[in-house]
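Coordinate inspection notes
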Amino acid sequence: MSTPDTIRILLADDHALVRRGVRLILDGEPGLQVVAEAGHGAEAVELARAGGVDLAVLDIAMPRMTGLQAARELSARHPALRILMLTMYDNEQYLFQALKAGASGYVLKSVADRDLVAACRAAMRGEPFLYPAAITALIRSYLDHARRDEASGADGDPVLTAREEEVLKLVAEGQSSKEIAGTLVISVKTVQRHRANLLHKLGLRDRLELTRYAIRVGLIEP
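The model shown is predicted, which means the values in this text are computed figures rather than measured ones.

1. A few points about the side chain of Thr-6
Tracing the chain through its elements places Thr-6 in the segment before β1 (7–12). Setting aside residues no more than four positions away along its own chain, Thr-6 makes contact with Gly-31, Leu-32, Gln-33 and Asp-54.

2. Observations regarding the packing of helix α7 (residues 162–172) against helix α8 (residues 177–184)
Packing of α7 against α8 brings their axes to within 10 Å, and their N-to-C directions diverge by 135 degrees. By the angle class used here, α7 and α8 are oblique. You can see that α7 and α8 cross each other, and the crossing is right-handed. Between α7 and α8, the residues in contact are Arg-163, Glu-166, Val-167, Leu-170 and Val-171 and Ile-180, Thr-183 and Leu-184, respectively. Looking at the contact of α7 with α8, its residues break down into five nonpolar, one polar and two charged.

3. What about the sheet that holds strand β2 (residues 32–38)?
In space, the six strands of this open sheet follow the order β2-β1-β3-β4-β5-β6, with parallel pairing throughout. The open sheet has two edge strands, β2 and β6 (129–130), and neither has a second partner. In the packing of helix α2 (residues 41–49) onto the sheet, contacts are made with β1, β2 and β3 (55–58), and the angle to β2 comes to roughly 125 degrees. The strands that helix α5 (residues 112–124) touches are β1, β2, β3, β4 (82–87), β5 (105–108) and β6; relative to β4, the one it contacts most, it runs at about 165 degrees.

4. A word on unusual backbone geometry
In this model, Arg-64 sits at a positive phi of 65 degrees, which is unusual for a non-glycine residue. As for its placement among the helices and strands, Arg-64 is situated in the loop between β3 and α3 (67–77). Judged by its relative accessible area of 73%, Arg-64 is exposed. Of note, Val-185 is a non-glycine position whose phi angle comes to about 55 degrees, a positive value. With respect to the helices and strands, the residue Val-185 is situated in the loop between α8 and α9 (188–202). Val-185 sits in the exposed class, given a relative accessible area of 71%.

Cut-offs and rules
Residues numbered from 1 in each chain as written. Predicted model: local features only at pLDDT ≥ 70, side-chain atom pairs only at ≥ 80, totals over all residues. Heavy atoms only, no water. Helix = DSSP H or I, 4+ residues; strand = E, 2+ residues; numbered from the N terminus. Contact = heavy atoms within 4.5 Å. Axes fitted to C-alpha atoms, helices over the stretch in contact; angles between N-to-C directions. Parallel < 35°, antiparallel > 145°, perpendicular 65-115°, else oblique. Left-handed = near helix turned anticlockwise from the far one by under 90°. Nonpolar A, V, L, I, M, F, W, Y, C, P; charged D, E, K, R; others polar. Pairing = 2+ DSSP bridges. Buried < 20%, exposed > 50% of the residue type's maximum accessible area, 1.4 Å probe, protein only.

Below, the structure is given as structure tokens:
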């Protein structure tokens, strides 16, 4: 039975067995109670609309609406609702998207029995919760941004031109130089020049790193 101080949790994961295991962890702790379960993101959004929930714990990979999409919806509709991502993906692309979507924590399923309860309590205190490798990724991202800001000059002009951003987005979406040339109505040689400039300006090596950068700055979604 919940008390006025109980943290009421909405748990969303498309695997019933996972939900059962996570529920056992959470309900076994004083002051935590799972009051609603969802099998996909759209259901989580619908259940949250009814109210009575303080914290949403969302899996990332779910059918119909992913956890990232649900997090964006929930953040927009219920600003007071705290959100945690519970995922099997130790992946900085998903990490950055989760934080951008409004999540205050990112917990790996492999260590949920160790970290999830602490993450729930931290979220309700308004504090972020990240596993050690995620903190390293954030620090690296900050240093990368600082380096790019310094390279952009004292006047603060953006590193990339509008055209370079267009090319970057299309490269990250998997289009070939010929396809990009057709989309932007420019020559293949011009596309290749823009791509070379992007790699040079951003200090990156290949298409994969360009794609990661595009996800990180919000040009595309993972």
